Amino acid sequence: MPTPTSTSPPASLAEHAELLRAEFGIEGELVPLSADRGATYAMVQNGVPTHVVKIGASPTDADRARLDVQAGFLRWAQGTLGAVQVPLPVLDRQGRGWHPHAAPDGSVTAVQVTTWVPGDPLSRCRARTPPLLRSAGRALASATVAMAGTPDSLAPGVGSAASGDPFAWDLLHAGWIVPELEASSDPALREFLPIARRFVESTLLRVTRLPQQLLHNDWNDDNILVTRLLPHEEPQVTGLIDFGDMVRGPAVVELAVGLAYLMLDCTDPLAAACHVIEGYRELRPSPLADEELHLLWDLVRMRWALSAIHAASRRSGPAGNDHHQVSQAPIRRAIEATRAVPDGVVLAAFRRAADVPPVPHRDAVLAHIRKTALEGRLVPVMGNLIGAPVLDLSVSSPDAGPGAALDAAAFTRWIDAQCATHPSGAAIGRWNEPRLLYQSRGFGEAGGGTVGGTARTIHIGLDIFAAEGTPVRAPLDGVVFTVADNAGELDYGPTVVLEHGTSEGHRCHTLYGHLSRGCLTELTPGTVLRAGTPFATIGGSAVNGGWPPHLHLQLILTAPDPGGDYPGVAPPDWRTLWTAICPNPAVLAGLEEESVAAQPLDVPSLLERRHRITGANLSLSYAEPLVIVRGEGQYLYDHEGRRFLDGVNNVAHVGHGHPRVVAALSSQAAVLNTNTRYLHPRFLEYTERLTALFPDPLEVCFLVNSGSEANELALRLARAATGRRGVVAMRDGYHGNTGALIDIGGYKHLGPGGQGTPRHVRLLATPGTGGVPDVAGAMSRACAELAENGGAGAFVCEPILSCAGQVVLPPGYLEAACAAARSAGALCVIDEVQTGLGRVGTAWWAFEEQGVVPDIVTLGKPLGNGHPMGAVITTRAIADAFANGMEYFNTFGGNPVSCAVGLAVLDVIEEEGLRARAVQLGARLQKGLLELAEDHPLIGEVRGRGLFLGVECVEGTDRAPAPRQARHLVERMKQEGVLLSTDGPHHNVIKIKPPLVLGERDVDRMVAAMRRALES
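The present account deals with the structure reproduced in this document. (Residues numbered from 1 in each chain as written. Predicted model: local features only at pLDDT ≥ 70, side-chain atom pairs only at ≥ 80, totals over all residues. Heavy atoms only, no water.)

1. A short note on the packing of aromatic side chains
- Evaluation of the coordinates by the stated rule reveals 13 aromatic pairs.
- Here F73 and F243 contribute two aromatic rings whose centre-to-centre distance is 5.5 Å and whose plane-to-plane angle is 35°, an arrangement assigned as tilted. A residue pair is termed long-range when its members are at least 10 positions apart, and F73 in helix α2 (residues 61-77) and F243 in the loop between β11 (236-240) and β12 (247-249) qualify at 170 residues.
- Relative accessible area serves as the criterion here: at 0%, F73 is assigned to the buried category.
- Judged by relative accessible area, F243 falls into the buried class, the value being 1%.
- Ring geometry for F702 versus F882: centroids 6.0 Å apart, planes at 85°, classification edge-to-face. With a gap of 180 residues between them, F702 in strand β29 (residues 698-704) and F882 in helix α24 (residues 876-882) connect regions that are remote in the sequence. Both residues of the pair, F702 and F882, belong to the buried class.
- Within the aromatic cluster, the residues linked to one another by ring pairs are F694, W844, W845 and F847.
- If you follow R643 out to its NZ or CZ, it ends over the ring of Y635, 4.0 Å from the centre.
- Here the basic side chain of R677 rests over the ring of F889, its NZ or CZ set 3.8 Å away from the ring centre. (Phe/Tyr/Trp six-rings, centres within 6.5 Å; stacked < 30°, edge-to-face > 60°. Helix = DSSP H or I, 4+ residues; strand = E, 2+ residues; numbered from the N terminus. Buried < 20%, exposed > 50% of the residue type's maximum accessible area, 1.4 Å probe, protein only. Lys NZ or Arg CZ within 6 Å of the ring centre and 35° of its normal.)

2. Quick look at unusual backbone geometry
- Across the junction of D696 and P697, the peptide omega takes the value 5°, indicating a cis bond.
- A positive phi is found at D242, a non-glycine position, where the angle reads about 60°.
- Note that D242 resides in the loop between β11 and β12.
- Of note, N432 is a non-glycine position whose phi angle comes to about 65°, a positive value.
- With respect to the element layout, N432 can be found in the loop between β14 (427-429) and β15 (433-434).

3. Points about the nonpolar core
- Grouped together as the largest cluster of nonpolar side chains are 147 residues, with contacts concentrated most on W304, F350, F535 and L551.
- With 13 residues, the single largest contributor to this core is helix α9 (residues 290-316).
- Residues V654, C783, I873 and V970 belong to the second largest nonpolar core, which totals 94 residues. (Core = buried A, V, L, I, M, F, W, Y, C linked by side-chain atoms within 4.5 Å.)

4. Here we look at the packing of helix α3 (residues 130-148) against helix α8 (residues 269-283)
- Between α3 and α8, the shortest axis-to-axis distance is 6 Å and the interhelical angle comes to 45°. As judged from the angle between their axes, α3 and α8 are oblique. Between α3 and α8 lies a crossing of right-handed hand. Contacts between α3 and α8 pair P130, L133, R134, G137, R138, L140, A141, S142, T144 and V145 from the former with A272, H275, V276, E278, G279, Y280, E282 and L283 from the latter. (Axes fitted to C-alpha atoms, helices over the stretch in contact; angles between N-to-C directions. Parallel < 35°, antiparallel > 145°, perpendicular 65-115°, else oblique. Left-handed = near helix turned anticlockwise from the far one by under 90°. Contact = heavy atoms within 4.5 Å.)

5. Examining the packing of helix α22 (residues 775-786) against helix α23 (residues 813-823)
- The interhelical angle for the contact between α22 and α23, taken along N-to-C directions, is 30°, at an axis separation of 8 Å. By the angle between their axes, α22 is roughly parallel relative to α23. Here α22 and α23 pass one another in a crossing that is right-handed. Side by side, α22 and α23 meet where V775, A776, M779 and S780 of the first sit next to Y813, A816, A817, A820 and A821 of the second.
- Here the contact of α22 with α23 is composed, by residue class, of eight nonpolar, one polar and no charged. (Nonpolar A, V, L, I, M, F, W, Y, C, P; charged D, E, K, R; others polar.)

6. Thoughts on the pairing of strand β7 (residues 108-115)
- Of all the eight residues making up β7, six are buried; the element is thus mostly covered by neighbouring parts of the structure.
- Pairing analysis gives six bridges linking strand β3 (residues 48-56) to β7, with the strands arranged antiparallel. For G56, the partnering residue across the bridge sits in β7 and is A110.
- Bridge count for strand β6 (residues 98-102) against β7 is five bridges, and the pairing is antiparallel. Of the residues in β7, the one forming a bridge with H101 is T109.
- In this structure, the hairpin formed by β6 and β7 is closed by a connection of five residues, where G106 is found at a positive phi of approximately 95°. (Pairing = 2+ DSSP bridges.)

Below you can see the structure in the form of structure tokens.
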């Protein structure tokens, strides 16, 4: 192994600064940069970097040759490689690309100067988003194609065996690491030994046969530069620096080096690699050859091995250079994340990303199986199953919910009842079905999926539910490939894999899971089985991972894991790949494929149908809309089982699908649901309990169906009690979607499509953070102006202004406003639709924190936890004034089902301590967001109370609203699996109003996701 060079030059910085002025004609401050060998500095003038200076120790003949090649190449490149910017060399007075400098002590250093390339290192982008990775792939292809045109005279023999220069970072000369690894006593380092041996013994010769060209050979994330055209846009790879590691080799080596670094610190490293390959293929003139794709994964892993051995040598060598240590932990995480993925699956993934069939022999194998069945030589695995019930175990199934929603005993009884309807005593679970049944950590994060491909939800086999002990037969001639006991929770239990061949020489495998234990001793690998031979029986739940008795049947077209453990469930992001590798095995069970295959939702068709049948202003969240089909607690699930933390749905106040609320709704709906023209104790129980939560004299309750309806009724009450139609409201207020409420909501009627403020309405400015404004004077003036239009009958306000951007009113604001309004004869209406029912934590109602008692309070969304409910609470005097002879009736408001739901919601809030949780977790979340604000000037204010928070996004020295950046953050948070939204008159405030049942881990996850989003 080459001896590490010194990590710092022997001469002083001052001496080199003088040399740079004299020999290169440049001046400025030298600022250290990270580097592998020698020392690297940025030359900075007036705070702006202008050049990069590399100072190496005394160069060997090989070093001098490499320096000459580098300078000559960069002169040839003239600042660009295709679409990628590269540095220009700065020549010394003698016209050389590097300058030998002899110090007084006799030591010699080599000094190189290049121009500064604009952009930020990719290492600063914490989130490797698909667009960014595809951009990196395009840059890789563009630069590689350009470097292929390098004249041979610029790089004679670089990196070749003939040059006598086995450069330590050259994959084509990496055999030296095998003895190094064999001699190592470091267990972590020795893990790379099988990778290195495989590479040297079987991969290297195949690589060297490919055409060679000049390569950059160091696409690490400090050398890749990115820029953004606009702050809210995804960064793009625009530059490449540090050509000190150039070698000659096949183009696929360059791609492998790039993948080795770009896969690091990604939730799903394999998905990251595929995104890079997708971008790479766009600008590569010819498709990636099959041989290149076969070699790519070995090349990536060998680059990781090289990095590990170099890092180990640096640890034992001179101190002061941790350049290689930075990537070691991410490399080990990437290896761990991909360890369980069979090489055949990786190859199929790379092939699919390269836009070639992931399994080339797929059609031939399936044709062989179908032909065998038609000829009567295929024996169904479990008798005649035609007509057996096909079960719905999908994400939206009412019988197979996630986590706590699934009662295992009830689920088994349901399965048994379905099986009993068919003579075979069997029922079928579909292939290609998204499910939420898989809750152990082996399938991803416990409790459901995480966006990014780590959770597995897509069932890629076929389930045949039947009685314990039912025989299982070999459907085709074959041999036993593996026999294993996968005994973990929700795993396969005893598992057999058979290998089969076709007349054309293709191989395929069939997997049989959840068997009884007898097969573990009765079968051995290599045992020949003829079609129709019974070789196992279905196991009971005690031995098959805890599942109801059934057979998991799976067809596999790539080489399975020789250990006998192969995924039966795939991540949704990999659905098309895994269903290509593991096609529908229905024929093996004697079934029609279409009858037992779940059909993926056609999302573009759903979107087109929605646009066709609804108004254009019925909006959807997110640039790529979500198809949400299930909710549980603080989580929402899309149609493929991806789980999202719901950070914005304050309607699901006590959590989506809370079993207490669901039970109350269903049990009462089964008995009676009618209107309030009849006496019913539930109506009285609920209204008495709800009004008891308010201070005197608020004692009369009207039940309605929504917040909009509540606010409409509040306006009628105020007008009946005062005889006045005028309203004073907030400039950025919103109180509902009816015509009367749009009139008083400046957020709407002053915005796009609005018609301005009506004559009977006056608006107060949204208060800032600079203290209590003269609200009394503003209120008095507004009421005086309304006197010409019949006078002010109501002042309508939220205690925390939601659509204004979660603006907390200054202390004393409501007290002064209400006093001035009442002095003018108006009533005070407080809209608690979004802020009430304990969301602020310290009180049931946010107005209590302001020390006022309103005349009317309106409630909505959270009362029913998603069931349509609203309420108006007022005084007896106002209610009596409203009873002016005109009957008030509401068909659905106050029906027994709604009252049962409302009571259950109150029970949950009290019994689960959700008000206290709102205080505790709100403070934790606000603290985390404030800490982010210290590091990220994009965040202006973090404001709110309890779990009713807003994060303001601003830009520039004047702290102007930054709506595009806010929208970008919301989209990035969606990619992180957290759902948020924007609000405020400028749409630059990210609103956070989650269900109150979230936990500390959810809060920490939200903050961590926000940090990654801000840093991407």
